Amino acid sequence: MKPEFLLALVGGLCIGLASFAASAASGKIPGISGVFSKVFLAKPGDTQWRLLFLLGLVGGAGLVFALGPSGFTPVAPLWLMAFSGFIVGIGTRLGGGCTSGHGVCGMGLGSKDSMVATVIFMGTGVATVFVVRHLIGGLG
């Protein structure tokens, strides 16, 4: 078994368990777009956990990068990745949730809407990669 597979498996298990624990502890679905979009519009007493969630998300990634080689190699210019992230953010609001909300939390809860959304965004991702890499020859 390849080490990359084991890392992906352990990472996926950790994400699933953390999602389950967060949902069980708070009664809320910890989808990133939903957590982020309501930080400034949260009900009283609902802001602290959202800020801690986002701090852990950014801080955890920062810690991985700080501890050594992460294996991350940018495949596009930073401005394009930032713009793409912005467009994804708009799509998550239009779609009623993000990949983590639908793909991890919603599917784990057996939501039919999340299953449909996950099939759509995974299919769109596969189609986009195919078009960019094979039909237009890349981004560079």
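Not measured: the values here are computed from a predicted model. (Residues numbered from 1 in each chain as written. Predicted model: local features only at pLDDT ≥ 70, side-chain atom pairs only at ≥ 80, totals over all residues. Heavy atoms only, no water.)

Evaluated as defined, the whole model comprises one salt bridge. Here R50 and D46 are joined by a salt bridge, their closest N and O atoms 2.9 Å apart. The exposure classification of R50 matches that of D46, with both residues buried. (Salt bridge = Lys/Arg side-chain N within 4 Å of Asp/Glu carboxyl O. Buried < 20%, exposed > 50% of the residue type's maximum accessible area, 1.4 Å probe, protein only.)

We now examine the side chain of H102. Structurally, the position occupied by H102 is in helix 5 (residues 99-108). Classification of H102 as buried rests on a relative accessible area of 9%. Once you skip the residues sitting within four places of it in the chain, H102 turns out to touch G95, G96, G97, M107, D113, S114, A117, T118 and F121. (Helix = DSSP H or I, 4+ residues; strand = E, 2+ residues; numbered from the N terminus. Contact = heavy atoms within 4.5 Å.)

With 24 residues, helix 1 (residues 3-26) should cover 34 Å at 1.5 Å per step; its first-to-last C-alpha distance of 34 Å lies within 8% of that length. Once helix 1 finishes, G27 follows within two positions and takes phi at roughly 75°, a positive value. (Expected span 1.5 Å × (residues − 1).)

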